[in-house]
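Listed below are the residues making up each chain.
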Amino acid sequence: SLTTTLNIGVLRGLEVDVDAPFVLLDPDEDSTRGGVGDVELTTKYRLLDETERRPTFMGAVVLRLPTGDEDRGLGEEGVDVQPLAVVSKTFGPLTLTLNGGYTFVTRDRDLDFWVVTGSLEYEITDAWSLVGEVVSELGTHDRGDVVVLRAGTVLAITEGIEVYTAVGFGLTRDSPDVTVRLGVTIALF
């Protein structure tokens, strides 16, 4: 999977992200196929700014929209809704972030899952950072657990434009083997 992300700062503390994946499937029992997958639309709002003693607190809502071709295995029907709580704190050049939430799968509520994510970003220079992340989706009923380990970089092209790349590797049987993420963040304010 190759995901292109557009992050747009709408107002101070409010951000909208659009994740548009290109999915490539090569199943053993069928022909290779690819195309646009399901798009994710995320709205984030920073509730409290970080201080010397307190981390940043943020809320987010993620919607998975059924834009991928379900018949070809590139997407799923219905809309998934995922509220998240996010906590982040910076210690010198290192930023630690934890996310937690729950996903409501409207097409089959037995597929609902918990989301737990942890990441670290280490600033090498003012313009370049290394990033590591563990992303997990923990099934509640009939769904298996997905755990992906990602590593990548963030590069500030200008003060308002950042480009990031990451490669992920699945750690469980139900995880994708490899994921690639490419993104651009454009700050409008």
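See the structure shown above.
Residues numbered from 1 in each chain as written. Predicted model: local features only at pLDDT ≥ 70, side-chain atom pairs only at ≥ 80, totals over all residues. Heavy atoms only, no water.

1. Describing the pattern of salt bridges
Part 1: Counting across every chain of the model gives 11 salt bridges.
Part 2: As a salt-bridge pair, Glu 15 and Lys 44 come within 3.3 Å of each other at their nearest N and O atoms. Pair noted here: Glu 15 is in strand 2 (residues 14-25) and Lys 44 is in strand 4 (residues 39-48), with a separation of 29 residues, a long-range link.
Part 3: The class of Glu 15 is partly exposed, set by a relative accessible area of 24%.
Part 4: Judged by its relative accessible area of 22%, Lys 44 is partly exposed. (Salt bridge = Lys/Arg side-chain N within 4 Å of Asp/Glu carboxyl O. Helix = DSSP H or I, 4+ residues; strand = E, 2+ residues; numbered from the N terminus. Buried < 20%, exposed > 50% of the residue type's maximum accessible area, 1.4 Å probe, protein only.)

2. Here we look at the pairing of strand 1 (residues 2-11)
Every regular strand shows the same layout, with side chains that alternate between the two sheet faces.
Part 1: Of the strand pairs in this sheet, strand 1 and strand 2 are connected by nine bridges, and their pairing is antiparallel. When the bridges of strand 2 are listed, Thr 5 appears paired with Asp 19.
Part 2: Counted along the chain from strand 1 to the antiparallel partner strand 2, the turn is two residues long, and its residue Gly 13 has a positive phi close to 85°.
Part 3: With seven bridges joining them, strand 1 and strand 12 (residues 178-186) adopt parallel strand pairing. Along strand 12, the bridge assignment pairs Asn 7 with Thr 185. (Pairing = 2+ DSSP bridges.)

3. Observations regarding the nonpolar core
Part 1: Core analysis: the biggest nonpolar cluster contains six residues, these being Ala 60, Val 62, Leu 84, Val 105, Phe 113 and Val 115.
Part 2: Among the elements of the structure, strand 5 (56-65) and strand 8 (113-123) are those that each provide at least two residues to this core.
Part 3: Beyond its immediate chain neighbours, meaning those up to four positions away, Val 115 contacts Gln 82, Leu 84, Asn 99, Gly 100, Gly 101, Thr 103 and Ser 136. (Core = buried A, V, L, I, M, F, W, Y, C linked by side-chain atoms within 4.5 Å. Contact = heavy atoms within 4.5 Å.)

4. What about the environment of Val 10?
Part 1: Mapped onto the elements, Val 10 comes out in strand 1.
Part 2: Judged by its relative accessible area of 32%, Val 10 is partly exposed.
Part 3: Note: C-alpha distance between Val 10 and Thr 43 (33 residues apart in sequence) is 9.8 Å.

5. Some thoughts on the environment of Asp 80
Part 1: As for its placement among the helices and strands, Asp 80 is situated in strand 6 (residues 80-91).
Part 2: In this structure, the C-alpha to C-alpha distance between Asp 80 and Val 62, residues 18 residues apart in sequence, is 7.9 Å.
Part 3: Only 2.9 Å separates the side chain of Asp 80 from the side chain of Arg 64, close enough to count as a polar contact. (Polar contact = N/O pair within 3.5 Å; in protein donor to acceptor, adjacent residues only side chain to side chain.)

6. Regarding a negative patch on the surface
Part 1: Residues Asp 69, Glu 70, Asp 71 and Glu 77 make up a contiguous surface patch of negative charge.
Part 2: Along the polypeptide, Glu 70 turns up in the loop between strand 5 and strand 6. (Patch = residues over 30% accessible without salt bridge, like charges linked within 9 Å, V, L, I, M, F, W, Y side chains within 5 Å. Areas by Shrake-Rupley, 256 points an atom, 1.4 Å probe, with all protein chains shown as cover. Lys, Arg positive; Asp, Glu negative; His and termini not counted. Charge placed at Lys NZ, Arg CZ, Asp CG, Glu CD.)

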